[in-house]
Amino acid sequence: MSDREAAPGALGLIQAFVNTADLEPSVEALSDPHALRGWLVERGLMALNQPATDADLKHAVAVREAIRGAIGANSGGSVYPVDIATLNGAVSASRLIPRFGSNGKARLEPQASGVDGALGRIVAAVFAAMNEEAWTRLKLCDSSSCRWAFYDQSRNHSSRWCRMASCGNRQKAKRFRERAKTS
Ligand SMILES: [Zn+2]
């Protein structure tokens, strides 16, 4: 099994968004409003002619970290009230409403445009994903210095690290050292 595989379908979008912050090495893909707009336009979440401001960037990063928190629940973490409030805030700001598409299926669509609308599309993807079994396979790496969102392909949903070779072994070594210190 190769490491850090992309999750399928809409889960892949959620995963890619959360992983725009890579803590190891510290890489922030959403470094300024221009980068944020580029990322959202590239994925068809927002029209090219719409602006992105500093406030939009702050909001986008908050929503991203709230989604990271929600994914953390799949790996045994608890979701903080501030993350819930941020997700509900994004739902309100983007004015998500249910719409029936031409295929007869219903989905949530944002009434807002711009960055708010784009974030609404990502939150709508989270909403849809949570109703699928595959959602529980999207987890956060157990290495406290990594926190990468990875797709757990193991048969019994037991993977804890995005990369066993680096994160897994390092975390095990850390615990070994901590145990050695206290004994
Ligand atoms: Zn990791």
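First, a word on what this report is: a plain description of the structure on this page. (Residues numbered from 1 in each chain as written. Predicted model: local features only at pLDDT ≥ 70, side-chain atom pairs only at ≥ 80, totals over all residues. Heavy atoms only, no water.)

Here the focus is the packing of helix α3 (residues 54-72) against helix α5 (residues 114-129). Viewed as axis vectors pointing N to C, α3 and α5 meet at an angle of 5°, and their least axial separation amounts to 10 Å. Overall, the two elements α3 and α5 adopt an arrangement that is roughly parallel. Here D56, H59, A60, V63 and I67 of α3 lie close against α5, whose contacting residues are V115, D116, L119, I122, V123 and V126. (Axes fitted to C-alpha atoms, helices over the stretch in contact; angles between N-to-C directions. Helix = DSSP H or I, 4+ residues; strand = E, 2+ residues; numbered from the N terminus. Parallel < 35°, antiparallel > 145°, perpendicular 65-115°, else oblique. Contact = heavy atoms within 4.5 Å.)

Phi at R147 is positive, roughly 60°, even though this residue is not glycine. Tracing the backbone shows R147 in the loop between β5 (138-140) and β6 (149-151). We note that H157 has phi near 55°; this positive angle belongs to a residue other than glycine. Checked against the element boundaries, H157 lands in the loop between β6 and α6 (164-182). What makes H157 partly exposed here is its relative accessible area of 25%. (Buried < 20%, exposed > 50% of the residue type's maximum accessible area, 1.4 Å probe, protein only.)

In this structure, the largest pocket occupies an estimated 360 Å³ of space. Residue lining of the largest pocket: 15 residues in total, with A106, R107, L108, A124 and A128 positioned closest to the centre. When residues of the lining of the largest pocket are traced back to their parent elements, those giving at least two are α1 (9-18), β4 (106-110) and α5. The class makeup of the residues in the lining of the largest pocket is nine nonpolar, two polar and four charged. Roughly 220 Å³ of volume is contained in the second largest pocket. The wall of the second largest pocket is formed by A70, V79, I84, L87, N88, V91, L96, L108, V123, V126, F127 and M130. Looking at the lining of the second largest pocket element by element, the count peaks at four residues for helix α4 (residues 81-94). Broken down by class, the residue content of the lining of the second largest pocket amounts to 11 nonpolar, one polar and no charged. (1 Å grid on protein atoms, 1.4 Å probe; cavity = no way out; pocket = protein on both sides within 12 Å on 5 of 7 lines; lining within 4 Å. Points joined across faces, edges and corners; volume = space filled by probe spheres on them. Nonpolar A, V, L, I, M, F, W, Y, C, P; charged D, E, K, R; others polar.)

Take the coordination of the zinc ion next. Ideal values for angles at a metal depend on the geometry: 109.5 degrees with four tetrahedral donors, 90 or 180 degrees with six octahedral donors. Around the zinc ion, the protein supplies C141 (SG), C146 (SG), C162 (SG) and C167 (SG) as donor atoms, at distances of 2.3 to 2.4 Å. Given four donor atoms and angles of 101 to 120° at the metal, the environment of the zinc ion is assigned as tetrahedral. In terms of primary sequence, the donors binding the zinc ion are separated according to C-x4-C-x15-C-x4-C. You can see C146 sitting in the loop between β5 and β6 and its partner C167 sitting in helix α6, a full 21 residues away along the chain. Look at C167 and you get buried, because its relative accessible area is 1%. (Donors = N, O, S within 2.8 Å, 3.2 Å for Na, K, Ca; no water. Tetrahedral: all angles 85-135°; square planar, octahedral: opposite > 155°, others 65-115°.)

This brings us to the pairing of strand β3 (residues 96-100). Direction of pairing for β3 relative to β4: antiparallel, over a ladder of five bridges. Paired with L96 across the strands is P110, a residue of β4. Here β3 folds back onto β4 in antiparallel fashion, the turn holding five residues, of which G104 has a positive phi close to 85°. (Pairing = 2+ DSSP bridges.)

Attention now moves to α4. Spanning 14 residues, α4 covers 20 Å between terminal C-alpha atoms, matching the ideal 20 Å at 1.5 Å per step. Those residues of α4 not exposed but buried are D83, T86, L87, A90 and S94. The arc that holds every buried residue of α4, seen down its axis, measures 95°, which confines them to one face. Across from the buried face of α4, at angles greater than 90 degrees, the exposed residues are P81, V82 and S92. Along its buried surface, α4 packs onto α3, β3, β4 and α5. Two residues or fewer after α4 comes R95, characterised by a positive phi angle close to 55°. (Expected span 1.5 Å × (residues − 1). Arc of directions from axis to C-beta.)

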